[in-house]
Amino acid sequence: MSLKHPSGATSVSLREPPTGRSSDLRRPEGRQRPGGPGGEEVSRRSFLKSSILTVGGVISAVLLYPAARYFLHPALRRRGDTTWTQVAPVSEIPVGTPTFITYEERVKDGWTVVTLSKGAWVLTSDGQDFRVYDPHCTHLGCPYYWNPDRGLFLCPCHDGVFDIQGNVVSGPPPRALDTMEHMVEGGNLFLGRTIASNVNET
Amino acid sequence: MSTRRSTQKTQEGWLEERLELEPVRAALLDRKVPRGVGWLHTLGSATLVAFITLVVTGIMLTMNYSPSPDHAYDSVVFISNEVPYGWLIRGMHHWAASVMVVLAVIHGLRVLFMGAYKYPRELTWIVGVLLLLLVLSSAFTGYLLPWDQKAYWATVVGTNIAGQAPVVGDFLRDLLRGGDNLGTVTLTRFFSLHVAVVPVLIATLIGIHLFMVVRQGIAASPGRRGRRTPASR
């Protein structure tokens, strides 16, 4: 049966299945049935459909891979080696009391290099071994300060309190103060990355 | 409303029961086409594929591009050299842009020489012409964004051409440039047009254009229309 197009042209004579049920369109009536690997005959329609879906799927997968890499790359970076930033001569760091030391760090930011103003709490009992704390409160990141009268680190945002060892005394902070990688070379203190603390020793 | 039980796979039946999408699928995929259609009739769809490519790659580019004179060029270099597959995304955007312009023009010429713009398809043609103008605007505004020598001077020349128009020339030129000379404001204006304004207009008009094409059907090739009545499609 061939169908007449309203323009007068006739279209290819594939028998038109009854409308309504999409299942019927998958199995057009006639000798040919869509087949599978069982060796039955495969209709032109179903063969073309599977070929198009397969080839389209392969093309999409090939395109999706670089697109995914492009979009996800900031989350998939591996941490490289530490870059050390020179912070202060050891001789200038007071012994016995925590000191807030400010320094500048040049960091690659996209296509630019930015200069960040940073700080850290540094304490030493002998001028040889150091404890360096990241200045962000472990609760939500506010900068905390050392209160010499009470001998404690206090956070003004939500009243978090840490002792000189960095442990949480009271308040909402979930863990002890984070420390920072540090080393001494040539009489100078160098700082690296922040190391998150994972134990709260009370 | 269909009350039959869904007999096929669960998901298909679930959606079909609620939305009755079968007529939509049939309208889009079981369209009748006249005899004599060939590769020339694929140009419109090809243009659409180019557009989709441009939108997707364009969105990805805007994640790393900075539209300020201080950063535009460096951000483009950053994309090309440092972002994983950035060179590929930018390259595809560049070539798809040229491809889309070429395809749109040839598609328009095809319609013109086959007389498919005639009744009842006049509106489709008008929308198509608007689409072509929008595509060219997109190409022009996008060209400036790398803010390199080629981009800068091409825009100087292009806006000067606009300035040649009688009466409104100078006004148009200054409007495009955002002032007397090309500067920061030009770049940001062009970025806004290229990313926020023109693509939305193109997408909307494509929707209208395609709706009419599907609704009216593909025009029969010239020579086969002899006895077509005015009321038929």
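Colleague: Explanation requested: the overall build of chain A in the structure shown.
Modeller: When its secondary structure is counted, chain A shows two helices and 10 strands. Of the regular secondary structure in chain A, the N- to C-terminal order runs α-α-β-β-β-β-β-β-β-β-β-β. Sorting the 202 residues of chain A into buried and exposed places 31% on the buried side. Considering only contacts within chain A whose residues lie at least 6 apart along the sequence, 37% involve residues at least 24 apart.

Colleague: I'm lost on the sheet that holds strand S6 (residues 152-154) of chain A in this one. Help?
Modeller: Sheets are built from strands that pair by backbone hydrogen bonding, the pairs being arranged parallel or antiparallel. Residues and elements named next belong to chain A. Taking strand neighbours across the sheet as the criterion, the four strands line up as S5-S6-S7-S8 in an open arrangement whose pairing is antiparallel. In this open sheet, the two edge strands, each paired with only one partner strand, are strand S5 (145-147) and strand S8 (168-170). Note that S5 and S6 share three bridges and pair antiparallel. The partner of Trp 146 across the bridge, within S6, is Phe 153.

Colleague: What exactly am I supposed to notice about a nonpolar patch on the surface here?
Modeller: Residue and element names in this part refer to chain B. Residues Trp 14, Leu 15, Leu 19, Leu 21, Val 24, Leu 28 and Leu 29 make up a contiguous nonpolar surface patch of roughly 680 Å² in combined accessible area. For the nonpolar patch, the secondary-structure elements that each account for two or more residues are helix H1 (10-19) and helix H2 (22-29). Among the structural elements, Leu 28 can be located in helix H2.

Colleague: Would you explain the packing of helix H6 (residues 122-144) of chain B against helix H7 (residues 149-163) of chain B in this entry?
Modeller: What describes two packed helices is the angle between their axes and the distance between those same axes. All names here are of chain B. Packing of H6 against H7 brings their axes to within 8 Å, and their N-to-C directions diverge by 135 degrees. Accordingly, the angle class assigned to the pair H6 and H7 is oblique. Across from Phe 140, Tyr 143 and Leu 144 in H6, the residues of H7 making contact are Lys 150, Ala 151, Tyr 152, Ala 154, Thr 155, Gly 158 and Thr 159. For the contact of H6 with H7, the per-class residue count stands at six nonpolar, three polar and one charged.

Colleague: Explain the packing of aromatic side chains to me, please; I cannot follow it from the model alone.
Modeller: What characterises a pair of aromatic rings is the spacing of the ring centres plus the angle enclosed by the ring planes. The tally for this structure, following the rule as stated, stands at 15 aromatic pairs over all chains. With a centroid separation of 6.4 Å and 20 degrees between ring planes, the pair formed by Trp 121 of chain A and Tyr 144 of chain A is classed as stacked. Taken as a pair, Trp 121 of chain A in strand S3 (residues 112-124) and Tyr 144 of chain A in the loop between strand S4 (130-133) and S5 lie far apart in primary sequence, 23 residues in all. On the basis of relative accessibility, which here comes to 4%, the residue Tyr 144 of chain A falls in the buried class. Here the aromatic rings of Tyr 152 of chain B and Trp 153 of chain B are separated by 5.1 Å at their centres, their planes lie at 80 degrees, and the arrangement is edge-to-face.

Colleague: It is not clear to me how the environment of Pro 156 of chain A should be interpreted in this structure. Could you clarify?
Modeller: Residue and element names in this part refer to chain A. Tracing the backbone through its elements, the reader meets Pro 156 in the loop between S6 and strand S7 (161-162). Judged by its relative accessible area of 51%, Pro 156 is exposed. Along the primary structure Pro 156 and Tyr 144 are separated by 12 residues, whereas in three dimensions their C-alpha atoms are 6.6 Å apart. Among all residues touching Pro 156, those that are not within four sequence positions of it are Pro 143, Tyr 144 and Tyr 145.

Colleague: Explain the state of the cysteines here, please?
Modeller: Should the sulfur atoms of two cysteines be covalently bonded, the bond is a disulfide. Residues and elements named next belong to chain A. This model, assessed by the stated rule, comprises one disulfide over all chains. With a sulfur-sulfur separation of 1.9 Å, Cys 142 is cross-linked through a disulfide to Cys 157. Disulfide Cys 142-Cys 157: the torsion about the S-S bond is -95 degrees, which places it as left-handed. You can see Cys 142 sitting in the loop between S4 and S5 and its partner Cys 157 sitting in the loop between S6 and S7, a full 15 residues away along the chain. Take Cys 142: its relative accessible area is 18%, and that puts it in the buried class. No disulfide involves Cys 137; its sulfur sits 3.7 Å from that of Cys 155, the nearest cysteine. A residue is classified by how much of its surface remains accessible, and Cys 137, at 6% relative accessible area, is buried. Cys 155 gets classed as buried once you look at its relative accessible area, which sits at 4%.

Colleague: What's the story with the pattern of salt bridges in this structure? I'm lost.
Modeller: Opposite charge on two side chains permits them to pair, given that their charged atoms come into close proximity. Residue and element names in this part refer to chain B. As enumerated under the stated definition, the model contains seven salt bridges over all chains in all. Taking the shortest distance from any N to any O, the salt bridge between Asp 30 and Arg 25 comes out at 2.8 Å. A salt bridge links Arg 173 to Asp 174, with the nearest nitrogen and oxygen atoms 3.4 Å apart. Using a relative accessible area of 26% as the deciding quantity, one classes Asp 174 as partly exposed. Where salt bridges share partners, they join Glu 22, Arg 25 and Asp 30 into one cluster.

Colleague: Would you mind showing me how to read the nonpolar core here?
Modeller: Side chains that are nonpolar tend, in soluble globular proteins, to be buried together. Within the largest apolar cluster, 20 residues are counted, with the highest numbers of intra-cluster contacts made by Tyr 70 of chain A together with Tyr 65, Leu 144 and Leu 187 of chain B. Counting residues per element, the ones that place at least two in this core are helix H2 (44-72) of chain A together with helix H3 (43-62), helix H4 (72-81), H7 and helix H9 (184-216) of chain B. It is H4 of chain B that provides the largest number of residues to this core, a total of four residues. Contacts of Tyr 70 of chain A, omitting those with residues within four sequence positions, involve Met 60, Leu 61, Asn 64, Ile 79, Val 83, Pro 84, Tyr 85, Gly 86 and Ile 89 of chain B. Counting 14 residues, the second-largest nonpolar core is a separate cluster that includes Met 100, Val 127, Val 198 and Ile 202 of chain B.

The rules behind each value
Residues numbered from 1 in each chain as written. Chains lettered and ligands numbered in written order. Predicted model: local features only at pLDDT ≥ 70, side-chain atom pairs only at ≥ 80, totals over all residues. Heavy atoms only, no water. Helix = DSSP H or I, 4+ residues; strand = E, 2+ residues; numbered from the N terminus. Buried < 20%, exposed > 50% of the residue type's maximum accessible area, 1.4 Å probe, protein only. Contact = heavy atoms within 4.5 Å. Pairing = 2+ DSSP bridges. Patch = residues over 30% accessible without salt bridge, like charges linked within 9 Å, V, L, I, M, F, W, Y side chains within 5 Å. Areas by Shrake-Rupley, 256 points an atom, 1.4 Å probe, with all protein chains shown as cover. Salt bridge = Lys/Arg side-chain N within 4 Å of Asp/Glu carboxyl O. Axes fitted to C-alpha atoms, helices over the stretch in contact; angles between N-to-C directions. Parallel < 35°, antiparallel > 145°, perpendicular 65-115°, else oblique. Nonpolar A, V, L, I, M, F, W, Y, C, P; charged D, E, K, R; others polar. Phe/Tyr/Trp six-rings, centres within 6.5 Å; stacked < 30°, edge-to-face > 60°. Disulfide = S-S within 2.5 Å. Core = buried A, V, L, I, M, F, W, Y, C linked by side-chain atoms within 4.5 Å.

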